[in-house]
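Commentary on secondary and tertiary structure
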Amino acid sequence: MSLFLGTSSGLFLRPVGRQCGLIGLDGSLVTHLAAAGDRVAAAVPVHGPVHKMYTDSHTPSEDAAWASGLHVLRPAGPLSDDPTYTSEQVWQGDARSCCAWAGGHGLAVGTEPADVFVSLDGGRSWSAGAAGFAAAPSRSKWSFPAPPHKPHVLSIEHLAAQSSGSEADSRAGQLVAGIEVGGVLVSSLGGHAGTAGGDGDGAEAWEEQSEGLYTDVHSCRINPFNPSQWLAVTGRGLYVTTDAGKHWAAQGSWAGRYTVGLAFNPEREGEVLVAAGDRPPANGAHVYHSTDGGRSFRDITPSGDCGQALGSRTPVPYFFAGQALLGTGTGSLLGASDDARREWHVVDRLLHPICCMVAPGQSPSSVMH
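Presented here is an overview of the structure given in this document. These figures come from a predicted structure and were not determined experimentally.

1. Here we look at the overall build of the chain
Helix and strand counts for the chain stand at two helices and 28 strands. The buried share among the 369 residues of the chain stands at 59%. Summarising the internal contacts of the chain: among those between residues at least 6 apart in sequence, 52% fall at separations of at least 24. Accessible area for the chain stands at about 14200 Å²; split by element, carbon and sulfur atoms hold 48% of it.

In C-alpha cells form, the structure reads like this:
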C-alpha cells in the first residue's frame, strides 16, 4: 500500500512504514490527485493568485518543464524500495480536479471555467467537454467571488454501477461533480463522445442535484459504505444527502467556519474528517472528527508541538493504513492512530506545503482551488 501526496513542488510517494520520496512533476504545483490500479493522475492548474500562498518562493513559469494539465504517472518497472515512475501529460489546460476509475482507463478532469472532460481509454482520446453544463438551469448564476469570477470544478467522484463487473468497465457508472460556485451535477458515463467507444453526440446530460444545497461546493464525496449518502463541504459548512443528491440538508453548526477538506474512512464505517478555516481561501486550521457518518463532530485540532507543525493553513484530511492524517501547509504530515484521533504525532516532513492526498482504491482529498 502506498500514499501519494501532491505538494506545491511535485508529487511524492509514501509506502507504508517508509519516508516520502519525490516521484515526478518536480517543481509543479499539484492540487488534486486520483489513483486507480497502478496509475495516479495529477492535476496541475494554470497558476493564479489563489495559488501563490502555496508555491513557496517560486512561481511556475509558462515554459516550465511540466505544463498545466492532467498527468498520469505509472511505475516504470517492478515496485521496489526505490520505485521509479514515468509521467505522461494526457490533457492540457487549467486542470482543477480529477478522477480515475477502471484501473485508470477511465479518467476525468475538472477545469476552470467549470467543465468536465472525460476519457474512457486512459487518456488517448477525450470528450469535447460537458456541453450539458450549459443547459443547467442555474448556469447563469455560476461564479466565483475573486477575479476573474469564473466557477471551477473542485471535485469529481466516480459512482460505480450496481452490477457485476462494473469496476473493469470505464463506461459504467456515473460521475458526480462539485462546482465552486455552482453546486453538484451528475452525469451517466457511456455516451461521452470523442472517446474510444463513446456513442454520444457530445451533449451528454448533466443533471443538477443541488436542492437544499449551498452551492459554494469545495468537495463532494460519496460514503464508501452507503453510495446514497454524500457529504459536501461548502462555504457555509457541511451538507448531507441520503438519496444520492436529490435532496440536501445542512448538517451541524459550524460557527462561521469555512469548511474545505473532507474525507471518509473506507476501513471504518461512519468515520469522517472535516478540515475548516476561519476565512477563505484556506486561512485558519481546524479539524473535526465524526464517528456517526457526519451527524455529530468533535474538535480534534492538534495542539502543542503538533499544533505548531499544523501551521495556519487549512490542512488536507485523509485516512490511510489505520491512521487519520493531516497534510499541512508547513510540509508536515501528521498522524493519529488512536480511536479518538487526539494523539497526534509527526509522521513525515516534506520541504513543501501538502495540497492533496490519495491512495489507490480511495477517494482523494484536497483543500485546493
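2. Digging into the pattern of salt bridges
In this structure the tally under the stated criterion is seven salt bridges. The residue E112 makes a salt bridge to R96 at a minimum N-O spacing of 3.3 Å. Placement of the pair is E112 in the loop between β9 (106-111) and β10 (115-119) and R96 in strand β8 (residues 95-101), with a sequence separation of 16 residues. Neither E112 nor R96 differs from the other in exposure class; each is buried. One salt-bridge network, in which partners are shared between bridges, spans D94, R96 and E112.

3. Focus: the sheet that holds strand β25 (residues 332-336)
With antiparallel pairing, four strands are arranged side by side in an open sheet as β23-β24-β25-β26. Each end of this open sheet is capped by a strand with a single partner; those strands are β23 (316-320) and β26 (345-349). On average, each strand axis in the sheet is tilted by 30° relative to the strand beside it, whichever way the strands run. Sheet topology note: the β25/β26 ladder contains four bridges and is antiparallel. The residue of β26 that forms the bridge with L333 is D348.

4. Description of the packing of aromatic side chains
Per the stated rule, a full pass over the model turns up seven aromatic pairs. Relative to W142, the ring of F133 has its centre 5.5 Å away and its plane inclined at 80°; by these criteria the two rings are edge-to-face. You'll find F133 and W142 in the same group, each marked buried. By the ring-pair criterion, three or more aromatic residues cluster together here, those being F133, W142 and W206.

5. Observations concerning the sheet that holds strand β15 (residues 217-223)
An order of β15-β16-β17-β18 is seen for the four strands of this open sheet, with the pairing classed as antiparallel. Because the sheet does not close on itself, it has two edges, and the strands there are β15 and β18 (249-251). Adjacent strand axes in the sheet meet at a mean angle of 30°, parallel and antiparallel pairs treated alike. As judged from the six bridges shared by β15 and strand β16 (residues 226-234), these two strands associate in the antiparallel manner. Looking across to β16, one finds that R221 is bridged to L231.

About the cut-offs
- Residues numbered from 1 in each chain as written.
- Predicted model: local features only at pLDDT ≥ 70, side-chain atom pairs only at ≥ 80, totals over all residues.
- Heavy atoms only, no water.
- Helix = DSSP H or I, 4+ residues; strand = E, 2+ residues; numbered from the N terminus.
- Buried < 20%, exposed > 50% of the residue type's maximum accessible area, 1.4 Å probe, protein only.
- Contact = heavy atoms within 4.5 Å.
- Areas by Shrake-Rupley, 256 points an atom, 1.4 Å probe, with all protein chains shown as cover.
- Salt bridge = Lys/Arg side-chain N within 4 Å of Asp/Glu carboxyl O.
- Pairing = 2+ DSSP bridges.
- Axes fitted to C-alpha atoms, helices over the stretch in contact; angles between N-to-C directions.
- Phe/Tyr/Trp six-rings, centres within 6.5 Å; stacked < 30°, edge-to-face > 60°.

Taken by themselves, the reported measurements are silent on function.
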